[in-house]
Amino acid sequence: MLPNEYQELTKETQTPECTGLTYLTLGLCSEAGEVAGKHKKLIRGDYENEFNFEHDMIMELGDCLWYISRIADNFGVTLEYIMRQNIQKLQARQQNGTIKGNGDER
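Residues numbered from 1 in each chain as written. Predicted model: local features only at pLDDT ≥ 70, side-chain atom pairs only at ≥ 80, totals over all residues. Heavy atoms only, no water.

Peer 1: Any chance you could explain the overall build of the protein chain here in plain terms?
Peer 2: Within the protein chain one finds 4 helices and 0 strands. Start at the N end of the protein chain and walk to the C end: the helices and strands fall as α-α-α-α. A globule of 106 residues ought to have a C-alpha radius of gyration of about 13 Å, yet the protein chain, at 17 Å, is considerably larger. Measuring between centres, the 11 positive side-chain charges of the protein chain sit 8 Å from its 17 negative side-chain charges. (Helix = DSSP H or I, 4+ residues; strand = E, 2+ residues; numbered from the N terminus. Rg over C-alpha atoms; globule rule 2.2 N^0.38 Å. Lys, Arg positive; Asp, Glu negative; His and termini not counted. Charge placed at Lys NZ, Arg CZ, Asp CG, Glu CD.)

Below you can see the structure in the form of C-alpha cells.
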C-alpha cells in the first residue's frame, strides 16, 4: 500500500466527533505515549518474548500513522508531501553538517 492510499483509507474510519485538529493532535500524543509505554514494559521485563513486543509496537505505530494521516489531511497535504519535505530537510542538514544539534532552522 502506498502512503497516500493509506491516508485516503483513513477517512473511512474517522468518526464525525474525531475531526478537529485539537482532538487529532491529542490523539497522536496519546498514541506516541503508548509507544513509549510499550518500550518501558520491555525494559521492565513484562514481555516474554521479543515477538510480542514487536507486534505491540507495530500496532501502536500504526495508530500514530492514522493520526498523522488525519492531521495531514486536515492541512490539505498528503503523506507523500510530508515525507518528501522531511527527507529534503534531513538531507540538507546532513550536507550542512548540522544533522546533530538543536533548533528547527539549522
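There's plenty left to go through after this.
Peer 1: Can you help me understand the packing of helix 1 (residues 3-10) against helix 3 (residues 50-74) in this one?
Peer 2: Helix packing geometry: the angle between the two helix axes and the distance between the axes. Look at helix 1 against helix 3: their axes get within 9 Å of each other, and the N-to-C directions meet at 85°. When the axis of helix 1 is compared with that of helix 3, the two are roughly perpendicular. Contacts between helix 1 and helix 3 involve Y6, Q7 and T10 on the former and, on the latter, G62, L65, W66, S69, R70, A72 and D73. In terms of residue class, the contact of helix 1 with helix 3 is made up of 4 nonpolar, 4 polar and 2 charged. (Axes fitted to C-alpha atoms, helices over the stretch in contact; angles between N-to-C directions. Parallel < 35°, antiparallel > 145°, perpendicular 65-115°, else oblique. Contact = heavy atoms within 4.5 Å. Nonpolar A, V, L, I, M, F, W, Y, C, P; charged D, E, K, R; others polar.)

Peer 1: In this structure, what is going on with the confidence of the model for the protein chain? I would like to understand it.
Peer 2: Fine structural detail should not be taken from predicted coordinates in areas where pLDDT scores are low. Looking at the protein chain, pLDDT values average 94 and 97% of them are 70 or higher. Mean pLDDT per element in the protein chain: helix 4 (residues 79-96) is the minimum at 95, and helix 1 is the maximum at 98. (pLDDT = per-residue confidence, 0-100.)

Peer 1: Teacher, can you tell me more about the nonpolar core here?
Peer 2: Side chains of a nonpolar character, in soluble globular proteins, are inclined to be buried together. V35, Y47, F53, M57 and C64 together form the largest nonpolar core, which totals 5 residues. Ranked by residue count, the leading element in this core is helix 3, at 3 residues. Among all residues touching F53, those that are not within four sequence positions of it are K38, H39, L42 and Y47. (Core = buried A, V, L, I, M, F, W, Y, C linked by side-chain atoms within 4.5 Å. Buried < 20%, exposed > 50% of the residue type's maximum accessible area, 1.4 Å probe, protein only.)

Peer 1: Looking at this model, I keep getting lost on the environment of Y6. Mind explaining?
Peer 2: Along the chain, Y6 turns up in helix 1. When sequence neighbours within four positions are dropped, the list of residues in contact with Y6 reads M1, G62, L65, W66, S69 and L79.

Peer 1: Whenever I open this one, the packing of aromatic side chains confuses me. Can you help?
Peer 2: Given two aromatic rings, their pairing is described by the distance between the two centres and the angle made by the two planes. Enumeration according to the criterion identifies 2 aromatic pairs in this entry. Geometrically, the ring pair formed by Y47 and F53 is edge-to-face, given 5.5 Å between the ring centres and 70° between the ring planes. The exposure class assigned to Y47 is buried, which follows from its relative accessible area of 17%. The interplanar angle of 85° and the centroid separation of 4.9 Å between the aromatic rings of W66 and Y67 together place this pair among those described as edge-to-face. (Phe/Tyr/Trp six-rings, centres within 6.5 Å; stacked < 30°, edge-to-face > 60°.)

Peer 1: Looking at this structure, I do not really get the pattern of salt bridges. What am I missing?
Peer 2: If the charged atoms of two oppositely charged side chains come close together, the side chains can form a pair. Applying the stated criterion across every chain yields a total of 5 salt bridges. Measuring nitrogen to oxygen at the nearest pair gives 2.4 Å for the salt bridge that ties R44 to D46. Using a relative accessible area of 41% as the deciding quantity, one classes D46 as partly exposed. Here D73 makes a salt bridge to R70, at a shortest N to O gap of 3.0 Å. Here R70 and D73 lie together in helix 3, a separation of 3 residues that amounts to about one turn. Residue classification places D73 among the partly exposed residues on the basis of a relative accessible area of 27%. Residue classification places R70 among the buried positions, given a relative accessible area of 6%. A network of salt bridges, in which partner residues are shared, links E8, K11, R70 and D73. (Salt bridge = Lys/Arg side-chain N within 4 Å of Asp/Glu carboxyl O.)

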